[in-house]
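This is what each chain is made of:
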Amino acid sequence: MSTSVRRIKGCLKKVCIGSNWRHTVVRAVVLSALAYGVCTTIFLPVRIQGDSMLPLYETGDYGFINTLAYRWSNPRRFDIVGIRMAGNSVMYLKRIIGLPGETVEIHDGTVHVNGKALSEPHLQFKSDWELGKQSLSGDQYFVIGDNRGMSIHYHTFGKVKRHRIVGRAWLLKIPSL
Amino acid sequence: MAVKNPVTIAAAIVGIVVVGWFVYSSQQSEEDRIRQRLYDLAEYVSTTKQTGDSARLIHIAGLRKFFTEGVTVQVNEDIPKITGRDNLLQMAHIALQHEPGLTVAFTDISVTHNDNTQQARVNTTVVVTGVQSDKARSIDAQELEMALVKAEGEWRMETVQFVKVMELQ
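## Details of the confidence of the model for chain B
All names here are of chain B.
Alright, step 1. Chain-level statistics for chain B give a pLDDT mean of 85 and a share of 88% at 70 or above.
Alright, step 2. Across chain B, the element-wise mean pLDDT spans from 77 in helix α3 (residues 53-61) up to 95 in strand β6 (residues 154-163).
Alright, step 3. Across the whole predicted complex the pTM is 0.81, and at the interface the ipTM reaches 0.77.

## Considering helix α2 (residues 30-46) of chain B
Alright, step 1. Taking 1.5 Å per residue, 17 residues should reach 24 Å; α2(B) reaches 24 Å between its end C-alpha atoms and fits that length.
Alright, step 2. Within α2(B) the residues assigned to the buried category are B:Glu30, B:Ile34, B:Arg37, B:Leu38, B:Leu41, B:Ala42, B:Tyr44, B:Val45 and B:Ser46.

## Things to note about the nonpolar core
Alright, step 1. Counting residues in hydrophobic clusters, the biggest one holds 31 residues, and the most contacted among them are B:Leu41, B:Leu63, B:Phe67, B:Phe106, B:Val122, B:Met146 and B:Met157.
Alright, step 2. Elements that contribute at least two residues to this core include exactly α2, β1 (67-74), α4 (85-98), β3 (103-113), β4 (119-131), β5 (137-151) and β6 of chain B.
Alright, step 3. It is α2(B) that provides the largest number of residues to this core, a total of 6 residues.
Alright, step 4. With 16 residues, the next largest nonpolar core counts A:Ile83, A:Ile96, A:Tyr141 and B:Met166 among its residues.

## Details of the interface of chain A and chain B
Alright, step 1. Facing the 24 residues of chain A at the interface are 17 residues of chain B.
Alright, step 2. Counting the surface lost from both chain A and chain B, the interface buries some 1,600 Å², and carbon and sulfur atoms represent 56% of this.
Alright, step 3. Inspection of the region where chain A meets chain B yields 1 salt bridge.
Alright, step 4. Between A:Arg164 and B:Glu143 there is a salt bridge; the shortest N-O distance is 2.8 Å.
Alright, step 5. Here chain A and chain B share 11 residue pairs in polar contact (both at pLDDT 80 or more) between them.
Alright, step 6. Taken together, the elements giving at least two residues each to the side of chain A that touches chain B come down to β3 (80-84), β4 (91-98), β9 (131-135), β10 (140-144) and β12 (158-161) of chain A.
Alright, step 7. Within the side of chain A that touches chain B, the residues separate by chemical class into 10 nonpolar, 9 polar and 5 charged.

## Re the domain arrangement of chain A
Alright, step 1. According to the domain assignment, chain A contains domain 1 (1-41) and domain 2 (44-174).
Alright, step 2. If you average the C-alpha positions of domain 1 of chain A and of domain 2 of chain A, the two centres end up 43 Å apart.

## Things to note about the packing of α3(B) against α4(B)
Residues and elements named next belong to chain B.
Alright, step 1. Where α3 contacts α4, the axes come no closer than 10 Å and their chain directions differ by 135 degrees. One finds that α3 runs oblique with respect to α4. At the point where α3 passes α4, the crossing takes the right-handed sense. Where α3 abuts α4, its residues Asp53, Arg56, Leu57, Ile60 and Ala61 lie against Leu89, Ala92, His93, Leu96 and Gln97.

## Comments concerning the side chain of B:His113
Residues and elements named next belong to chain B.
Alright, step 1. As for its placement among the helices and strands, histidine 113 is situated in strand β3.
Alright, step 2. At 3.4 Å, the side chain of histidine 113 forms a polar contact with the backbone oxygen of threonine 117.
Alright, step 3. Not counting residues up to four positions away in its chain, the partners in contact with histidine 113 are Glu30, Glu31, Gln119, Ala120 and Trp155.

## Re the pattern of salt bridges
Close approach of charged atoms allows side chains with opposite charge to pair.
Residue and element names in this part refer to chain A.
Alright, step 1. In the structure shown here, the tally under the stated rule is 13 salt bridges over all chains.
Alright, step 2. Across the pair arginine 77 and glutamate 102 runs a salt bridge, and its minimum N-O distance is 2.8 Å. In this pair, arginine 77 is assigned in the loop between β2 (62-66) and β3 and glutamate 102 in the loop between β4 and β5 (103-107), connecting sequence segments 25 residues apart.
Alright, step 3. Here arginine 77 falls in the partly exposed class, since its relative accessible area comes to 27%.

## A short note on the sheet that holds strand β6 (residues 110-113) of chain A
Each strand in a sheet pairs with its neighbour through backbone hydrogen bonds, running either in the same direction (parallel) or in the opposite one (antiparallel).
Alright, step 1. Taking strand neighbours across the sheet as the criterion, the 4 strands line up as β7-β6-β5-β9 (chain A) in an open arrangement whose pairing is antiparallel. Each having just a single partner strand, β7 (116-117) and β9 of chain A make up the two edges of the open sheet.

So, how was this worked out
Residues numbered from 1 in each chain as written. Chains lettered and ligands numbered in written order. Predicted model: local features only at pLDDT ≥ 70, side-chain atom pairs only at ≥ 80, totals over all residues. Heavy atoms only, no water. pLDDT = per-residue confidence, 0-100. Helix = DSSP H or I, 4+ residues; strand = E, 2+ residues; numbered from the N terminus. Expected span 1.5 Å × (residues − 1). Buried < 20%, exposed > 50% of the residue type's maximum accessible area, 1.4 Å probe, protein only. Core = buried A, V, L, I, M, F, W, Y, C linked by side-chain atoms within 4.5 Å. Contact = heavy atoms within 4.5 Å. Buried area = accessible area lost by both parts, 1.4 Å probe. Salt bridge = Lys/Arg side-chain N within 4 Å of Asp/Glu carboxyl O. Polar contact = N/O pair within 3.5 Å; in protein donor to acceptor, adjacent residues only side chain to side chain. Nonpolar A, V, L, I, M, F, W, Y, C, P; charged D, E, K, R; others polar. Domains from an automatic or database assignment. Axes fitted to C-alpha atoms, helices over the stretch in contact; angles between N-to-C directions. Parallel < 35°, antiparallel > 145°, perpendicular 65-115°, else oblique. Left-handed = near helix turned anticlockwise from the far one by under 90°. Pairing = 2+ DSSP bridges.

Structure (structure tokens):
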């Protein structure tokens, strides 16, 4: 075997395995365990299905839900949050527009909070939705999608209890692969 | 005789752990049986792709074994409660007639079962995926609360209630 081939093989071996294969194996195992732990408890990877958060999120997009976002603070207006059902495997992704104790209503597509029209600069799709006054209790938030150009009957939205909010959507948008 | 080879020791430990895991997992608890029942139901519904009313009816009749005779299904307050297994199967036949490519899956299954009773409660999310006319996938997910009873050796659904995650007054 020529010297150059031996050198290339040696370099490849070092790149792939490292100078000590035992250390490499230990590092790989530790990193894998860490990544698994983080992705199952703190930053939950999500894949978007549905049109209710267009244009920000569309079917096939990827993102994360940061479960620590509300560990030391409360959800805020306009936060995009993951809302769990029976567990975290399938979640709704909606935007908070009403906070506990407030009243929310919709007239001609415009959201009114406590009787005042809400400015929503993120809103691009809008139609003439109508919704009667919704009163939020001390542990309820009002959540809704951004795609309000669709029929109100096909859009899932409303009051959700605080304990169902898993965390805040993070890394706003990873393009679908 | 002293075993000096650490690889042999490590292999023996791994072997014991693997065998032990297989033995443990082979002993199915009632909770596991209930979960498997839901998986079986989902698989059965998802394979209902028969064309023709007769074939579909025969296939749907097989759903009887998953429900009690007096099963009730409550979707929400606006839709009348479905009462009785025959009515439920009739609704299933109509639904699958219009959406033959439906696939159903249960996730996040949480089972509460008392060993002394033949009853159990299940909280789960059902995910239903369909194919629309323009070949686009439609997906819907709902949270369910179910009460099951064990009859004739099999777990069957007695009540099914859809849970409202987001409410409107």
